[in-house]
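# Observations on chain architecture
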Amino acid sequence: MEFKHRHLLGIEPLSRDDLHIILNLADSFKEISRRRIKKVPTLRGRTVVNLFMEPSTRTRVSFEIAQKRLSADSTNISVAASSVVKGETLLDTATNLEAMNPDIIVIRHKAAGSPHFLAREVNASIVNAGDGFHEHPTQALLDCLTIKDHKSDFEGLKVAIVGDIAHSRVAHSNIMALSKLGSEVRVAGPATMLQPGLDELGAKVFTDVEAAIEGVDVVMALRIQQERLGGDSLFANTREYARKYGLNRERIELIHPEGLVMHPGPINRGVEITPDVADGKRSVILEQVANGVAIRMAVLYLMAGGSPDDIANQK
Ligand code: CP
């Protein structure tokens, strides 16, 4: 098994084999988080910079925990505490960080394509922790790992993603990842939040939520990405949105009896999902969060040049 990528910029450049390598590695790394002493020396002496230019709770904290569990030296930069507030550009920020010779830079940025830009400009390996509405590859990978924990095979699974598809990097990465793994991906939401070209990404497009979720093995609710709407109003009001597109107890009865309910977080309770469904017996939302650590450990290991075979041989 060989993983040939120096950067993790998105799901798009990855093959089905690459996805399986990351998921299998993450499965191996899960065990470390169950130990009393949750630390291995795998990335000792490696330096990671976490450059978060947009707010984050789950992604930022799980990257930091993953780095600590692998013994990497890491440092965190947020926009408010950086010289970006004094007018420094992303390129100048990155080249100045590069001068300190980090091995890996994890970047979250509102501009789609910013990780790709950094990958061309610096020597460090770049990991995309979410770039605008474009991609959020580690989120899709942790979502796939959560599905893998419950379902024997991706092949033939039906997965519905419901909500603001157009502005969701999570949706775009998941459509590509799950399609590559052999699942049928359906997307549903208001017509104003379903951009052209989704079928070319591999999704079946629905405007009727009930039709989209009927019999599915997994349903994933998405938050309305207000921060990317630029003040535009793409639906009447949140009450109307919840009534037409929200996941509630009645709608969840339509999915497969053993179907899973997922959400990448943060949740707007009562809008895209009701609290009883978010906290209900089909919900695996907190399992997704837990799997974020294992996925990010696997990605950091590969970005540091680790071989998948070395971890497999330790089992
Ligand atoms: N799912 C996700 O990216 O959450 P955060 O924005 O809190 O990192």
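Description of the structure in this document. (Residues numbered from 1 in each chain as written. Predicted model: local features only at pLDDT ≥ 70, side-chain atom pairs only at ≥ 80, totals over all residues. Heavy atoms only, no water.)

Another aspect to go through is the layout of surface pockets. Taken as a whole, the largest pocket spans an internal volume of roughly 390 Å³. Forming the boundary of the largest pocket are 21 residues, of which Arg108, Arg169, Arg223, Gly265 and Pro266 lie nearest the centre. Among the elements of the structure, helix H2 (58-69) and helix H6 (169-180) are those that each provide at least two residues to the lining of the largest pocket. Its residues placed into classes, the lining of the largest pocket shows 5 nonpolar, 9 polar and 7 charged. Two domains share the lining of the largest pocket, each providing at least three of its residues, namely domain 1 (16-136 + 290-314) and domain 2 (137-288). (1 Å grid on protein atoms, 1.4 Å probe; cavity = no way out; pocket = protein on both sides within 12 Å on 5 of 7 lines; lining within 4 Å. Points joined across faces, edges and corners; volume = space filled by probe spheres on them. Helix = DSSP H or I, 4+ residues; strand = E, 2+ residues; numbered from the N terminus. Nonpolar A, V, L, I, M, F, W, Y, C, P; charged D, E, K, R; others polar. Domains from an automatic or database assignment.)

Spatial strand order, S2-S1-S3-S4: 4 strands in an open sheet with parallel pairing. Both outer strands of the open sheet, strand S2 (73-78) and strand S4 (125-131), are each paired with one neighbouring strand and no more. Strand-to-strand, the axes of this sheet are offset by a mean angle of 15 degrees, without reference to chain direction. Relative to strand S3 (residues 104-109), strand S1 (residues 47-52) runs parallel, the two sharing 5 bridges. Within S3, the residue paired with Val48 across the bridge is Ile104. (Pairing = 2+ DSSP bridges. Axes fitted to C-alpha atoms, helices over the stretch in contact; angles between N-to-C directions.)

Looking now at the pattern of salt bridges. Scanning the entire structure with this criterion turns up 13 salt bridges. Measuring nitrogen to oxygen at the nearest pair gives 2.7 Å for the salt bridge that ties Glu184 to Arg186. Of the residues examined, Glu184 reaches a relative accessible area of 22% and is grouped as partly exposed. Looking at Arg186, the relative accessible area reads 10%, which means it is buried. (Salt bridge = Lys/Arg side-chain N within 4 Å of Asp/Glu carboxyl O. Buried < 20%, exposed > 50% of the residue type's maximum accessible area, 1.4 Å probe, protein only.)

Here we take up unusual backbone geometry. In this structure, Pro266 follows Gly265 across a cis peptide bond, with omega equal to -5 degrees. In this fold, Pro266 is placed in the loop between strand S9 (260-262) and helix H11 (275-278). One non-glycine residue, Ser71, lies in positive phi territory at about 70 degrees. Tracing the backbone shows Ser71 in the loop between H2 and S2. At Asn101, a residue that is not glycine, the phi angle is positive and equals roughly 60 degrees.

On to the site of the ligand. Neighbouring residues of the ligand: Ser56, Thr57, Arg58, Thr59, Arg108, His136, Gln139, Pro264 and Gly265. His136 places a side-chain nitrogen or oxygen 2.9 Å from an oxygen atom of the ligand. Within the side chain of Gln139, an N or O atom sits 3.0 Å from a nitrogen atom of the ligand. Within the complex, the protein chains bury 91% of what would otherwise be the 250 Å² of accessible surface of the ligand. Judged by the proximity of its atoms to the pocket grid, the ligand belongs to the largest pocket. When the residues that make up the shell around the ligand are grouped by side-chain class, the tally is 1 nonpolar, 6 polar and 2 charged. Taken together, domain 1 (16-136 + 290-314) and domain 2 (137-288) each give at least three residues to the shell around the ligand, which thus spans both. (Near = heavy atom within 4 Å. Polar contact = N/O pair within 3.5 Å; in protein donor to acceptor, adjacent residues only side chain to side chain. Areas by Shrake-Rupley, 256 points an atom, 1.4 Å probe, with all protein chains shown as cover. Sits in = over half its atoms within 2 Å of the grid points.)

We now examine empty space enclosed by the protein. Any space left empty among the atoms is revealed by the rolling of a water-sized probe across them. Counted according to the given criterion, the structure contains 1 cavity of 30 Å³ or more. In this structure, the largest cavity spans a volume of roughly 70 Å³. At the level of elements, H2, helix H5 (137-150) and helix H12 (285-303) are the ones that each hand at least two residues to the lining of the largest cavity. With 5 residues, the top contributor of residues to the lining of the largest cavity is H12. Class assignment for the residues of the lining of the largest cavity results in 4 nonpolar, 6 polar and 2 charged. Two domains each donate at least three residues to the lining of the largest cavity, and these are domain 1 (16-136 + 290-314) and domain 2 (137-288).

So, about the side chain of Thr93. Inspection of the secondary structure assignment puts Thr93 in helix H3 (residues 90-98). Within the structure, the side chain of Thr93 is placed 2.8 Å from the backbone oxygen of Thr89, a separation counted as a polar contact. If we skip the residues at most four places from it in the chain, Thr93 touches Leu51, Val84 and Glu88. (Contact = heavy atoms within 4.5 Å.)

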